[in-house]
Amino acid sequence: MKLQGPRGTRDFYPKECAWQNFLLEAWRKVSVRNGFEEVDGPFFESLDLYKIKSGEGIVNELFHFEDRGGRELAIRPEFTPTLARMVASKANSLQKPIKWFCVPNLCRAERPQRGRLREFLQWNCDLIGVDGAMADAECIFTLVDLLRELGLEPQHVRVKISHRQTVRTILTKLGVAEDKLLTAFDLLDRRDKMDADAFTKAASELGMAPEQVERFEQICRFRYPCGSLAQMCEQTGLDSLHELEELDAQLQAFGIADWCEYDLGIVRGLAYYTGTVFELHETSGAMRAMAGGGRYDKLIELFGGPSMGAVGFGMGDVVLSEVLADKGLMPQDVSPRPDVFIVATSDASATQVPMLTASLREQGLHARFSYKTTRNLGKLLKDAANARSRFVVILDDDTPNGQVQVKDLQTSEQQTVAIESLASHVALA
RNA sequence: GUGGCCGUAGCUCAGUUGGUUAGAGCACCUGGUUGUGAUCCAGGGGGUCGGGGGUUCGAGUCCCCUCGGCCACCCCA
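Since the model is a prediction, treat every value here as computed from it, not as a measurement. (Residues numbered from 1 in each chain as written. Chains lettered and ligands numbered in written order. Predicted model: local features only at pLDDT ≥ 70, side-chain atom pairs only at ≥ 80, totals over all residues. Heavy atoms only, no water.)

Student: What am I meant to see in the pairing of strand β17 (residues 403-408) here?
Tutor: By the criterion of burial, β17 is predominantly enclosed, with five of the six residues buried. Across four bridges, the pairing between strand β16 (residues 391-395) and β17 is antiparallel. Paired with Val392 across the bridge in β17 is Lys407. Where β17 lies against strand β18 (residues 414-418), five bridges are found, and the strand directions are antiparallel. Looking across to β18, one finds that Lys407 is bridged to Gln414. Remark: five residues form the turn of the hairpin made by β17 and β18, two consecutive strands paired antiparallel; Ser412 in that turn has positive phi of roughly 70 degrees. (Buried < 20%, exposed > 50% of the residue type's maximum accessible area, 1.4 Å probe, protein only. Helix = DSSP H or I, 4+ residues; strand = E, 2+ residues; numbered from the N terminus. Pairing = 2+ DSSP bridges.)

Student: Just checking my understanding: could you explain the sheet that holds β16 for this structure?
Tutor: Strand pairing within a sheet occurs via backbone hydrogen bonds; the two strands may be parallel or antiparallel. Spatially, five strands are ordered β15-β14-β16-β17-β18 in an open sheet, and the strand pairing comes out mixed. The two strands at the open ends of the sheet, each matched to only one other strand, are β15 (367-369) and β18. Geometrically, the sheet is characterised by an average inter-axis angle of 30 degrees between neighbouring strands, direction not taken into account. The strands that helix α15 (residues 377-386) touches are β14 (340-344), β16 and β17; relative to β14, the one it contacts most, it runs at about 160 degrees. (Axes fitted to C-alpha atoms, helices over the stretch in contact; angles between N-to-C directions. Contact = heavy atoms within 4.5 Å.)

Student: Please clarify how the protein's contact with RNA strand B should be interpreted in this entry.
Tutor: Not every one of the 38 residues close to RNA strand B is listed here, only the nearest: Lys53, Glu78, Arg114, Arg268 and Thr373. Here the atoms of RNA strand B within 4 Å of the protein split so that 48% fall in sugar or phosphate, with bases taking the remainder. Arg7 places a polar side-chain atom, nitrogen or oxygen, 3.3 Å from a phosphate oxygen of RNA strand B. In this structure, a base oxygen belonging to RNA strand B sits 2.4 Å away from a side-chain N or O atom of Arg116. Elements supplying a minimum of two residues to the surface near RNA strand B: α15 and β17. Counting residues per element, the surface near RNA strand B draws most heavily on α15, which supplies six residues. When its residues are assigned to classes, the surface near RNA strand B shows nine nonpolar, 10 polar and 19 charged. (Near = heavy atom within 4 Å. Polar contact = N/O pair within 3.5 Å; in protein donor to acceptor, adjacent residues only side chain to side chain. Nonpolar A, V, L, I, M, F, W, Y, C, P; charged D, E, K, R; others polar.)

If you want it as structure tokens, here you go:
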């Protein structure tokens, strides 16, 4: 093929386009019923906006260019900076709390792999202006609500939760000095990519005694079910896990404990999360994270706004679609179905096709007809079935004037119907 | 951005140690039969073998470069 699409991009043929729309509708429906309002911003922003949040290093990870006036711009690699900018510039006049969602397409100049492309969709929900675990839990509830909407169950996926402050407390208790905490987070993040010896060595360099290293390893590899923090207290030797306990209570109050578990190995980008952090994973753990989020209480300030607590998450379409396909939950075709499909079995009756089609369409029906010239009814019915039509209207020479044969392709029932009542016949079915 | 594997029709693939006009199944399109979604029959479109260069009398096959895909790093906002 001489003209290939750019690396890491996709073409959306009708079926793929229909799936994208289906997913977007699900995201929107769930967002709205959870009380979020849709927003959007520009597809490109000034490059500086992304440097504020992520530093100079981010420049290599995104698509950027200069406009004709020499302004440095970048295609959006995430929505959060735009959101923060929008909130900061109107913070005083916006009703609190701010609950916004967005379903942007984003571009990142990364090397594509399974589950990671250069252009993708991402669902974002953010709840700004509410401190406390209830807001965190509501965000996670919204995420779980979507999973249910798509037919997923706790056996398929799990929300893995951690908490910056709690982990900090645990690490300190284990003997990690203040200035080594970031290194410890990093070690926590990459624990699965290291062999045991390298891990032990790195851990002991953090200032932990041998038995503390062992305990550290045990703690960060263990999964604690939601609703049973006592075990974590016991293993960490702490009396209280503070913020995590409040979150635990709220998750149970929302009734989503089955979907959640605590995994202190969940770290996320060190940059800006300040409290709760979470990721959604497929249960086998084979694929990359399906969604990620957490609390970022300093971000709005960073963008020149007032101090406002915030919590949110993002979910991409790529891994989600792969997981649904893997679990057999991907609907095979969500393209719009025609209400009626008109065929004619004689040259004489065929002359009525355009007028009947026009009439049905004017009445709001999705009406199609066969472009085939054959009068073979079997082939015409197949044409209708291929189009996935609900009904076939058959025009022939034997049916009295003003009436047509209508066949229900689902039930195979066929009856004679007056043309005037066609629309209502189809609508009632 | 670094490294490894891969690239023949829309899809799954075949294609002898380099040797005529590159094939099959499915899909798609046209027509026919039995005329109510099946079956069957006939025909058709579509590939500069990812692209470019080189070796050779001759390259889908060997070499180099490049583009794209997958995997591991980096990163994962």
